[in-house]
Amino acid sequence: KTLNYSIQINKPQEVVFNTMIDKSVYNDWAKAFSPGSTFKLLNGEWKEGAEVVFMDPEHKGGTKVVLEIFQPHERILAKHIDMVDTHGKSIEQKD
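Parameters and conventions
- Note on numbering: residues in each chain are counted from 1, in written sequence order.
- Restriction of local features to residues with pLDDT of at least 70 applies here, the model being predicted, together with a cutoff of 80 or more for giving and counting side-chain atom pairs; totals for whole chains, interfaces and linings are based on all residues.
- Excluded from the side-chain calculations are hydrogens and water; all other atoms, namely the structure's heavy atoms, are used.
- Definitions used throughout: a 1 Å grid over protein atoms alone; a cavity as a set of points that fits a 1.4 Å probe which cannot get out; a pocket as an open set with protein on both sides within 12 Å along at least five of seven lines; a lining residue as one with an atom within 4 Å of a point.
- Grid points are joined across faces, edges and corners, and a volume is the space filled by probe spheres set on the points.
- Starting at the N terminus, helices and strands are each numbered in turn, a helix being any DSSP run of H or I of at least four residues and a strand any DSSP run of E of at least two.
- Residue polarity is assigned by list, with Asp, Glu, Lys and Arg as charged and Ala, Val, Leu, Ile, Met, Phe, Trp, Tyr, Cys and Pro as nonpolar; anything else, Gly included, falls into the polar class.
- By this definition, two strands are paired if DSSP reports at least two bridges between them.
- Simply put, an axis is a line fit to the C-alpha atoms, just over the touching stretch for a helix, and the angle between two N-to-C directions goes from 0 to 180 degrees.
- We call two residues in contact whenever any of their non-hydrogen atoms come within 4.5 Å of each other.
- Pairs of N or O atoms are called polar contacts if they sit within 3.5 Å, as long as, within protein, a hydrogen donor faces a hydrogen acceptor (for residues adjacent in sequence, only side-chain-to-side-chain pairs).

**Section: the layout of surface pockets**
Thinking step 1. For the largest pocket, the calculated volume is near 1800 Å³.
Thinking step 2. Lining the largest pocket are 38 residues, and of these Tyr5, Met20, Trp29, Phe33 and Ile76 sit closest to its centre.
Thinking step 3. At the level of elements, α1 (13-21), α2 (23-30), β2 (51-56), β3 (61-71) and β4 (75-84) are the ones that each hand at least two residues to the lining of the largest pocket.
Thinking step 4. It is α1 that contributes the most residues to the lining of the largest pocket, seven residues altogether.
Thinking step 5. Here the lining of the largest pocket is built from residues that sort into 20 nonpolar, twelve polar and six charged.

Structural data, given as structure tokens:
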């Protein structure tokens, strides 16, 4: 199932884009859907192919994604690849 979301923000693209990926302010906007959430870049920088873990402390874990598209100030496409525990370790999914 694919989920798509959109919103109109009256700020320059560069400001919005940088706010989305700036760890120091990430939780300021992410708290609307996940208070206390954070992320960790596993490959050190935002670029195509990088892996990112988004953590939600309230739910004691998070999700791991791979950045399929990373176009600075334009677009990010992240593909979910795993569920992780509070240490970022893979959670085995039981059917």
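**Thoughts on the pairing of β2**
Thinking step 1. Looking at chain direction, strand β1 (residues 38-41) and β2 are connected through four bridges and run antiparallel. Of the residues in β2, the one forming a bridge with Lys40 is Val53.
Thinking step 2. As paired strands, β2 and β3 are joined by six bridges and run antiparallel to one another. Bridging across to β3, Asp56 finds its partner in Gly61.
Thinking step 3. Taking the residues that link successive antiparallel strands as the turn, the β2-β3 hairpin has four residues, and the phi of Lys60 there is positive, at about 55°.

**As for the sheet that holds β1**
Thinking step 1. Taken in spatial order, the four strands make up an open sheet running β1-β2-β3-β4, and their pairing is antiparallel. With one partner strand each, in any of the chains shown, β1 and β4 form the two edges of the open sheet. Pairs of neighbouring strands in the sheet enclose a mean axial angle of 30°, with direction left out of account.
Thinking step 2. Packing of α1 onto the sheet brings it into contact with β1, β3 and β4, and relative to β4 it is tilted by some 15°.
Thinking step 3. The sheet strands contacting α2 are β1 and β2, and the helix crosses β1 at an angle near 145°.

**Let's talk about the environment of His80**
Thinking step 1. Mapped onto the elements, His80 comes out in strand β4.
Thinking step 2. Separated by 15 residues in sequence, His80 and Val65 place their C-alpha atoms 4.4 Å apart.
Thinking step 3. Sequence-distant contacts of His80, defined by excluding residues within four places in its chain, comprise Thr63, Lys64 and Val65.
Thinking step 4. Polar side-chain contacts of His80 include one of 2.5 Å to the side chain of Thr63.

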